[in-house]
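Coordinate inspection notes
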Amino acid sequence: MYRFKNIKSRVLKYFSLSLLVAALAIAPSPFNRSHDFPIAQTTAQAQTPLRPENSSTQFVIAQAPAAKPEPAAAEEKEELIDFFAMGMGALAGLVLFIYGVTRLSEGLEDMGTERMRGFLSKCTTNRFAGVVTGAIATTLLESSSVTIIMTIAMVSAGVLTFVQSLGVVLGANIGTAVGAQIISLDIEQYIPLLMFAGLLLLFLEKTKTWKNLGIVLLGFGLMFYGLEAIDEAMKPFRTYEPFIDLMETLGNNPILGAAVGALFTVIIQSSSATVAIVITLASSGLISLPAGVAIMLGAEVGTCADTLIATIGRGRPALRTGAFHFGFNLVSAILGIIFAPLLVQLVLSFSGGAGVGRQVANAQILFNGIGVLVMVIFLPAIAQILQRLIPDTGNDLKLKPETVQAAR
């Protein structure tokens, strides 16, 4: 059995490495961008601007004034896109991004899982401390799902009470918004340095802690590299009318945008990944702020899928924690969809002259912050309601004889 497990782990390791190599071979290089288009910019200024807000992303092909094609022929030529090449580039970037996020999460878990468990158990003495603890833990682990799944396991084991876990769940939503703020920063030029430092630590250091730190740096770099590869592959969509119409539809119909965000998050199992991709595309003018906000709201609901799965077989206290996470995110998303135009206006006034990518990140932290501030006030009442709706069974009382304390 041990030999079979060893062979299986090797096969998975080599398979993941082969995927990584293939993605690196296929993905367009995001660091070889040419930002100076003097002829194209003057031509773009002379023409009527397209619908994307960011004029720097409107690339007009300006050739030598040879034979001018007919207007109809020019429009037809402009809409010709190599969808296969673009799809392969975006898929390769997505593979790099998910692989980077996975390695980053694994490295952080190996470095501090036990410490994080102790941190969660010691710093959740009341609901407000739980919110701060959940936010810090999620920021460090770079995943709200990891924090909440860890919390559910600790509730199931009796390390945390159900009431203590509620503050951590609320704080995890703030922590994932902090991660989105980091993604929105313009630090692409420093990514190769991080990856090189991670590679040195991984191969030269002998202690496990330093090797895990190298894995974290490599994963962080690959995550940004994958985002840039996706952005580079999606360039043809910047002036593609059907895609622009689709983004306008998502912006005008928040329910549809939220459904797209939720579905994509369920598929890739990470709301942080969904929001990161949205921020990257929004920074390039591919996604408008209303569409980005709608997709972000859907991602908040889609992330509950893996945490609900984690409650299976964990007992009633853990089930109540998962139900609270799902209920809070669902109600918040519904209210966000209803008041989406107001949220967009609030973000615009709050963000000043920031780009659309930063505005989407600001929308998430503003939305989650308001939701947490409102919900933390009613935690005692919500805890009592959930205890009545999902009461403890005999097995739960045997595993945890003490009754759940009221929220402070």
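Residues numbered from 1 in each chain as written. Predicted model: local features only at pLDDT ≥ 70, side-chain atom pairs only at ≥ 80, totals over all residues. Heavy atoms only, no water.

Where an unreviewed UniProt entry is consulted, the protein chain appears under the name Na+/Picotransporter, with the organism given as Chroococcidiopsis thermalis. For the protein chain, the Subcellular location (unreviewed entry) comment in UniProt is given as "Cell membrane". (UniProt positions renumbered as here; feature names shortened; annotations may be inferred.)

So, about the overall build of the protein chain. When helices and strands are counted, the protein chain shows 19 helices and zero strands. Per-residue burial over the protein chain gives 46% buried out of 408 residues. Within the protein chain, contacts between residues separated by at least 24 positions form 79% of all contacts whose residues are at least 6 apart in sequence. Of the roughly 21200 Å² of accessible surface on the protein chain, 66% is carried by carbon and sulfur atoms. (Helix = DSSP H or I, 4+ residues; strand = E, 2+ residues; numbered from the N terminus. Buried < 20%, exposed > 50% of the residue type's maximum accessible area, 1.4 Å probe, protein only. Contact = heavy atoms within 4.5 Å. Areas by Shrake-Rupley, 256 points an atom, 1.4 Å probe, with all protein chains shown as cover.)

Turning to the confidence of the model for the protein chain, a few remarks are in order. Averaged over the protein chain, the pLDDT score is 75; the fraction of residues at 70 or greater is 73%. Taken element by element, the protein chain is modelled with least confidence in helix α2 (residues 38-46), mean pLDDT 37, and with most confidence in helix α13 (residues 289-302), mean pLDDT 92. Here residues 401-408 scores under 50 on pLDDT; set against residues more than four positions off or in separate chains, the count is 11 contacts. (pLDDT = per-residue confidence, 0-100.)

In the structure shown here, the tally under the stated rule is one salt bridge. Notably, a salt bridge pairs K235 with E232, separated by 3.4 Å at the nearest N-O pair. Classification of E232 by relative accessible area gives buried; the value is 17%. (Salt bridge = Lys/Arg side-chain N within 4 Å of Asp/Glu carboxyl O.)

This part takes up a nonpolar patch on the surface. A cluster of nonpolar residues, L308, F326, L330, V331, I334, L335, I338, F339 and L342, forms a patch on the protein surface that exposes about 790 Å² of accessible area. With six residues, helix α15 (residues 316-338) is the largest single contributor of residues to the nonpolar patch. Here F326 lies in helix α15. (Patch = residues over 30% accessible without salt bridge, like charges linked within 9 Å, V, L, I, M, F, W, Y side chains within 5 Å.)

Okay, the nonpolar core next. Counting 55 residues, the largest nonpolar core has F237 and V293 as its most contacted members. If you tally residues by element for this core, the top one is helix α9 (residues 208-233), at nine residues. Those residues in contact with F237, other than ones at most four positions away along the chain, are I81, F83, M86, F243, I244 and L286. Counting 19 residues, the second-largest nonpolar core is a separate cluster that includes F324, M375, I382 and L386. (Core = buried A, V, L, I, M, F, W, Y, C linked by side-chain atoms within 4.5 Å.)

Take α9 next. Given a rise of 1.5 Å per residue, 26 residues ought to cover 38 Å, and the 37 Å separating the end C-alpha atoms of α9 matches this to within 8%. Taken across its 26 residues, α9 has 21 buried, putting it largely inside the fold. (Expected span 1.5 Å × (residues − 1).)

Another point: helix α11 (residues 254-268). Owing to its 3.6 residues per turn, the α-helix brings residues three or four apart onto one side. End to end, α11 covers 21 Å across 15 residues, agreeing with the expected 21 Å (1.5 Å per residue, within 8%). Three or more residues of α11 are buried, namely P254, G257, A258, G261, A262, T265 and I268. One side of α11 holds all its buried residues, which, seen down the axis, span an arc of 145°. Away from its buried face, by an angle of more than 90 degrees, α11 presents the exposed residues I255, L263 and I267. (Arc of directions from axis to C-beta.)

In the numbering used here, UniProt assigns the "transmembrane region" (unreviewed entry) feature to residues 83-102, 147-175, 187-204, 210-230, 255-281, 323-344 and 364-383. With 95% helix and 0% strand, residues 364-383 has end C-alpha atoms that lie 26 Å from one another.

For the rest of this paragraph, the subject is the side chain of T265. Along the chain, T265 falls in helix α11. Relative accessible area serves as the criterion here: at 1%, T265 is assigned to the buried category. Excluding residues that lie within four positions of it along the chain, T265 makes contacts with S270, S271, T274, A299, G302 and T303.

Our focus in this paragraph is the packing of aromatic side chains. Within the structure shown, the criterion is met by two aromatic pairs. Between F324 and F328, the ring centres sit 6.2 Å apart and the planes meet at 15°, which makes this aromatic pair stacked. Here F324 and its partner F328 are both found in helix α15, four residues apart, which amounts to about one turn of the helix. Note that R320 overlies the ring of F162, its terminal NZ or CZ placed 4.9 Å from the centroid. (Phe/Tyr/Trp six-rings, centres within 6.5 Å; stacked < 30°, edge-to-face > 60°. Lys NZ or Arg CZ within 6 Å of the ring centre and 35° of its normal.)

Checked against the element boundaries, M88 lands in helix α4 (residues 83-122). M88 gets classed as partly exposed once you look at its relative accessible area, which sits at 30%. Note: C-alpha distance between M88 and A233 (145 residues apart in sequence) is 8.2 Å.

Moving on, we get to the side chain of T303. With respect to the helices, strands and loops of the structure, T303 is situated in the loop between α13 and α14 (304-310). On the basis of relative accessible area, T303 is assigned to the buried category, the value being 6%. Those residues in contact with T303, other than ones at most four positions away along the chain, are S144, S145, T265, S271, H325 and N329.

A word on the packing of helix α7 (residues 162-183) against helix α18 (residues 379-389). Taken N-terminus to C-terminus, the directions of α7 and α18 make an angle of 120°; their axes are 10 Å apart at the nearest point. Taken together, α7 and α18 sit at an angle that is classed as oblique. As α7 packs across α18, the resulting crossing turns out to be right-handed. Packed against α7, whose contacting residues are F162, V163, L166, G167 and L170, the element α18 presents L379, A383, L386 and Q387 at the interface. Class assignment for the residues of the contact of α7 with α18 results in seven nonpolar, two polar and no charged. (Axes fitted to C-alpha atoms, helices over the stretch in contact; angles between N-to-C directions. Parallel < 35°, antiparallel > 145°, perpendicular 65-115°, else oblique. Left-handed = near helix turned anticlockwise from the far one by under 90°. Nonpolar A, V, L, I, M, F, W, Y, C, P; charged D, E, K, R; others polar.)

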